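Each chain, letter by letter, is given below.
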Amino acid sequence: MALMMAHEVPTSSTMAVPHGPVGVGAARRRLRRDLGAQEVAEAVIDDAVLILSELLSNSCRYARPLGRLADLKDDAPAPVPAPVLVGVRSDEDGEPGGVAVRWELSRHGQLTLEVTDGGAMTRPVPARPSVSSRGGRGLTIVSRLADDWGVRDAPGQVTVWAELPLRPEHGVRSA
């Protein structure tokens, strides 16, 4: 008689990443790995990774960290941080700042991606860059790839989220 053990892959994940390019790369790799383990179609994974990259890159460029990276815990709700000056990437001890990244697969066929940081002087809005501009297209890309996206405020933090469909032709395969 063979004993079969089912390994349940989580349908949600929260991770703390450094507030900078290293954090973007780490989050992209983990999201790709975790969605692949859920057997999400490559096309959906590619869109999700691009969306997460845009949200995190905007956070790193325009917002302050959520708090000290060492104080942020994976798979825990984002804490309410102490105020941090805009543009500060670490505290006075040289500790790197961090942001929280979360994703969740719903039973209703949606993938939700969230990036929570310490906020910025302005709210995230799609830009209207000129043809020759080097940047400013990130949230436009997000709005084209996602079913919906938005911004949620809480004391001392801002979460930018996006939802993607897990269509039968692009979603989780049934067993």
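Every chain is numbered independently, its residues counted from 1 as its sequence is written. Restriction of local features to residues with pLDDT of at least 70 applies here, the model being predicted, together with a cutoff of 80 or more for giving and counting side-chain atom pairs; totals for whole chains, interfaces and linings are based on all residues. Just so you know, side-chain values use all the structure's heavy atoms and leave hydrogens and water out.

Labelled according to an unreviewed UniProt entry, the chain appears under the name ATP-binding protein, originating from Kitasatospora sp. CMC57.

**Some words on the nonpolar core**
Filter applied, for reference: For this analysis, a nonpolar core means a set of buried residues of the types Ala, Val, Leu, Ile, Met, Phe, Trp, Tyr and Cys, connected via side-chain atoms within 4.5 Å. Throughout, exposure labels follow a simple rule: accessible area from a 1.4 Å probe, protein chains only, divided by the maximum for the residue type, with under 20% read as buried, over 50% as exposed, and the rest as partly exposed. Helical segments are the DSSP runs of H or I of at least four residues, strand segments are the runs of E of at least two, and each set is numbered from the N terminus. Note on definitions: a residue-residue contact is assigned when non-hydrogen atoms from the two residues lie within 4.5 Å.
By size, the foremost hydrophobic cluster in this structure holds 32 residues, and its most contacted members are L31, L35, I51, L55, L56, L111 and L113. For this core, the elements supplying multiple residues, two or more each, are β1 (12–18), α1 (21–37), α2 (42–62), β3 (97–105), β4 (110–117), α3 (138–145) and β6 (157–165). Filtering out sequence-adjacent residues up to four positions away, L111 remains in contact with L35, A48, W103, E104, L105, A162, E163, L164 and L166.

**Concerning the pattern of salt bridges**
Heads up, the condition is: Salt bridges are defined by distance alone: a side-chain nitrogen of Lys or Arg within 4 Å of a carboxyl oxygen of Asp or Glu.
Tallying each qualifying case throughout the model produces six salt bridges. D46 serves as the salt-bridge partner of R32, at 3.1 Å between the closest nitrogen and oxygen. In this pair, R32 sits in helix α1 while D46 sits in helix α2, placing the two residues 14 residues apart along the sequence. For R32, a relative accessible area of 33% translates into the label partly exposed. Where E104 meets R102, a salt bridge forms, and the shortest distance between an N and an O atom there is 3.2 Å. A cluster of three or more residues bridged by salt bridges with shared partners is formed by R30, R33 and D34.

**Structural notes on the packing of α2 against α3**
Rule in force here: Between N-to-C directions, angles cover 0 to 180 degrees, with each direction set by a line fitted to C-alpha atoms, over the stretch in contact for helices. Each angle is binned into one of four classes, with values under 35 degrees roughly parallel, values over 145 roughly antiparallel, values of 65 to 115 roughly perpendicular, and all other values oblique. If you view the pair so one helix is near and one far, a crossing is left-handed when the near helix is turned anticlockwise from the far one by less than a right angle, and right-handed when it is turned clockwise. In this classification, the charged set is Asp, Glu, Lys and Arg, the nonpolar set is Ala, Val, Leu, Ile, Met, Phe, Trp, Tyr, Cys and Pro, and all remaining amino acids, among them Gly, are polar.
Taken N-terminus to C-terminus, the directions of α2 and α3 make an angle of 150 degrees; their axes are 9 Å apart at the nearest point. Looking at the two axes, α2 sits roughly antiparallel to α3. Where α2 crosses over α3, the handedness of that crossing is left-handed. Taking contact as the criterion, the partners of D47, L50, I51, E54, L55 and N58 in α2 are, on α3, G138, L139, I141, V142 and L145. Split by residue class, the contact of α2 with α3 holds seven nonpolar, two polar and two charged.

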